[in-house]
Amino acid sequence: MAWNSIEQYRPSASVCIALDLLACMTLAAILAPAVLPFPLAWSRQAAEAVFVAPIAWHGVAWTTFLLSALAARGLVARVLESRVLQSAGLVSFSMYLWHMPVIEVLRRSELVTDRPVWMATLMALVAVVAVSTLSYALVERPVLAAVSRWSSRIATTSAESSRGSSLRTAKKPISGA
């Protein structure tokens, strides 16, 4: 019931723009201490002092993104509907499974140890995306297709057997005297 009322709510274009700006500013405030050097961003201690519970701050950011995406007219909705993010969504489970083994292989092979952090991160990202995409295409998608075929076959078989059993259990008419 609540989801239907949220889905029917369509804010004006100015509200969508305000939600997009708020979402982007919120994410920038969250990411700045981790990404930018100190003079350009808050220190981690300052961020923790302002936002006593950083987890709550992340919740505000994702709620803002959700509201903007539900409006379906904002920048966030268009970004989330992009082909790149939809593809990333398809391989996200494979990325979750493969990211640490790939990073560990890169680290042990010393391909990334003498590189700048940004280059090592980019190399790891490219490797994880490549391995995850291969894993999705060669393992996950075929397994999901096989499970889908198997479950539809089971459903068809059980429907046919239940129809057959109902026919067998039907009472036969008593022949007349």
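None of these values were measured; they are calculated from a predicted model.

Across its full length, the protein chain holds seven helices and zero strands. Going residue by residue from the N terminus, the α and β elements of the protein chain occur as α-α-α-α-α-α-α. Sorting the 177 residues of the protein chain into buried and exposed places 20% on the buried side. Entry remark: accessible area of the protein chain is about 13600 Å², with carbon and sulfur atoms responsible for 70%.

Our next topic: the confidence of the model for the protein chain. For any part of a model where pLDDT is low, the fine detail of the predicted coordinates should not be relied upon. Residues with a pLDDT of 70 or more make up 57% of the protein chain, whose mean pLDDT is 74. The element-level mean pLDDT for the protein chain is lowest in helix α1 (residues 2-8), coming to 56, with helix α6 (residues 83-108) highest at 90.

The next point concerns the nonpolar core. In this structure, Val102, Leu106, Val112, Ala120, Ala124 and Val128 together form the largest nonpolar core, which totals six residues. If you list the elements that add at least two residues to this core, you get α6 and α7 (117-169). For this core, the element with the most residues is α7, which contributes three residues.

Let's shift gears to unusual backbone geometry. Positive phi, normally seen in glycine, also occurs at Glu110, with a value near 60 degrees. Position of Glu110 among the secondary structure elements: in the loop between α6 and α7. Classification of Glu110 as exposed rests on a relative accessible area of 57%.

On the surface, Trp118, Leu122, Leu125, Val126 and Val129 cluster together to form a nonpolar patch covering roughly 500 Å² of accessible area. Looking at the element boundaries, Leu122 is found in helix α7. Residue Leu122 is classed as partly exposed on the basis of its relative accessible area, which comes to 46%.

Its place among the elements puts Ser94 in helix α6. You can call Ser94 buried: its relative accessible area is 2%. Leaving out residues up to four positions away in the same chain, Ser94 has contacts with Ser132, Ser135, Tyr136 and Glu140.

You can see Arg107 is positioned in helix α6. Looking at Arg107, the relative accessible area reads 45%, which means it is partly exposed. As for Arg107 and Ala120, which are separated by 13 residues in sequence, their C-alpha atoms are 9.3 Å apart. In this view, Arg107 contacts Val112 and Thr113; residues no more than four positions away in its chain are not counted.

Basis of the calculations
- Residues numbered from 1 in each chain as written.
- Predicted model: local features only at pLDDT ≥ 70, side-chain atom pairs only at ≥ 80, totals over all residues.
- Heavy atoms only, no water.
- Helix = DSSP H or I, 4+ residues; strand = E, 2+ residues; numbered from the N terminus.
- Buried < 20%, exposed > 50% of the residue type's maximum accessible area, 1.4 Å probe, protein only.
- Areas by Shrake-Rupley, 256 points an atom, 1.4 Å probe, with all protein chains shown as cover.
- pLDDT = per-residue confidence, 0-100.
- Core = buried A, V, L, I, M, F, W, Y, C linked by side-chain atoms within 4.5 Å.
- Patch = residues over 30% accessible without salt bridge, like charges linked within 9 Å, V, L, I, M, F, W, Y side chains within 5 Å.
- Salt bridge = Lys/Arg side-chain N within 4 Å of Asp/Glu carboxyl O.
- Contact = heavy atoms within 4.5 Å.

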